[in-house]
Amino acid sequence: MERTYVMVKPDGVQRQLVGEIISRFERKGLKIAGLKLMQIPRSLAEEHYGEHKGKSFFAPLVDYITSGPVVAMVLEGKDAVSTAREMMGATNPLQAAPGTIRGTYGMDIGRNVIHGSDSPASAEREINLFFRPEELVSYDRSLDRWIY
Ligand code: RTP
Ligand code: MG
């Protein structure tokens, strides 16, 4: 099974969308392997978004992601990376399909509610940035045979 890194961004926490968002992933069939509320230090934010260093939106992006607590999670399941990305919708909420998380809750690309890893390689990198191995839990769900 594949794992992905997902986080409810500070605007999602402030707007009290945490339960709603986690509930969507649970109902879809993804399994929670790790979960915590945290305030991201600036250095971690810069590393996480390192691919965007030098771009015009880098500084505002780091300011935004460190502006309040986030809910960090690791989700597990078949094709977890692309499944979570599809559920999130396009980066700009204006282009995100209705019914996706960003399409439903977002108004602005700079306040787009949620992050999800964009590839299995990114997922591995980001999971290691945000979680220690002992914070991730492997367990059986009795309903797995009804999902797969
Ligand atoms: P994320 O990494 O947060 O899941 O978002 P993403 O893959 O859909 O988009 P990405 O290209 O990685 O951009 C990271 C975040 O930077 C902000 N952004 N602003 N003003 C702009 O043109 C712009 N472009 C990107 C967004 O908050 C985006 O989620
Ligand atoms: Mg990205």
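Thresholds applied
Residues numbered from 1 in each chain as written. Chains lettered and ligands numbered in written order. Predicted model: local features only at pLDDT ≥ 70, side-chain atom pairs only at ≥ 80, totals over all residues. Heavy atoms only, no water. UniProt positions renumbered as here; feature names shortened; annotations may be inferred. Helix = DSSP H or I, 4+ residues; strand = E, 2+ residues; numbered from the N terminus. Contact = heavy atoms within 4.5 Å. Near = heavy atom within 4 Å. Polar contact = N/O pair within 3.5 Å; in protein donor to acceptor, adjacent residues only side chain to side chain. Areas by Shrake-Rupley, 256 points an atom, 1.4 Å probe, with all protein chains shown as cover. Buried < 20%, exposed > 50% of the residue type's maximum accessible area, 1.4 Å probe, protein only.

- By the naming in an unreviewed UniProt entry, the protein chain is Nucleoside diphosphate kinase, taken from Desulfotomaculum copahuensis.
- The protein chain has a UniProt comment under Subunit (unreviewed entry) that states "Homotetramer."

## Considerations on the UniProt feature "active site" (unreviewed entry) in the protein chain
Line of reasoning, step 1. The UniProt record marks His115 with the feature "active site" (unreviewed entry), using the residue numbering of this structure.
Line of reasoning, step 2. Locating His115 in the fold gives a position in strand β4 (residues 114-116).
Line of reasoning, step 3. Contacts of His115, omitting those with residues within four sequence positions, involve Tyr5, Val6, Met7, Lys9, His48, Tyr49, Met88, Arg102 and Glu126.

## Some words on the site of ligand 1
Line of reasoning, step 1. Around ligand 1, the neighbouring residues are Lys9, Tyr49, His52, Phe57, Leu61, Arg85, Thr91, Arg102, Ile109, Asn112, His115 and Gly116.
Line of reasoning, step 2. At 2.7 Å from an oxygen atom of ligand 1 is found a side-chain nitrogen or oxygen belonging to Tyr49.
Line of reasoning, step 3. Between an oxygen atom of ligand 1 and a side-chain N or O atom of Asn112, the distance comes to 2.7 Å.
Line of reasoning, step 4. Out of a free accessible area of 560 Å², ligand 1 has 78% covered by protein chains.

## Some details on the UniProt feature "domain: Nucleoside diphosphate kinase-like" (unreviewed entry) in the protein chain
Line of reasoning, step 1. In the numbering used here, UniProt assigns the "domain: Nucleoside diphosphate kinase-like" (unreviewed entry) feature to residues 1-138.
Line of reasoning, step 2. Overall, residues 1-138 shows 41% helix and 19% strand. The separation of its end C-alpha atoms is 11 Å.

## Observations concerning the environment of Thr66
Line of reasoning, step 1. Relative to the elements of secondary structure, Thr66 occurs in the loop between α4 (58-65) and β3 (70-77).
Line of reasoning, step 2. Classification of Thr66 as buried rests on a relative accessible area of 17%.
Line of reasoning, step 3. Counting along the chain gives 26 residues from Thr66 to Ile40, while the straight-line C-alpha distance between them is 5.5 Å.
Line of reasoning, step 4. Ignoring any residue separated from it by four or fewer positions in sequence, one finds Thr66 in contact with Gln39, Ile40, Pro41, Arg42 and Ala45.
Line of reasoning, step 5. Within polar-contact distance, the side chain of Thr66 engages the backbone oxygen of Asp63 at 3.3 Å.

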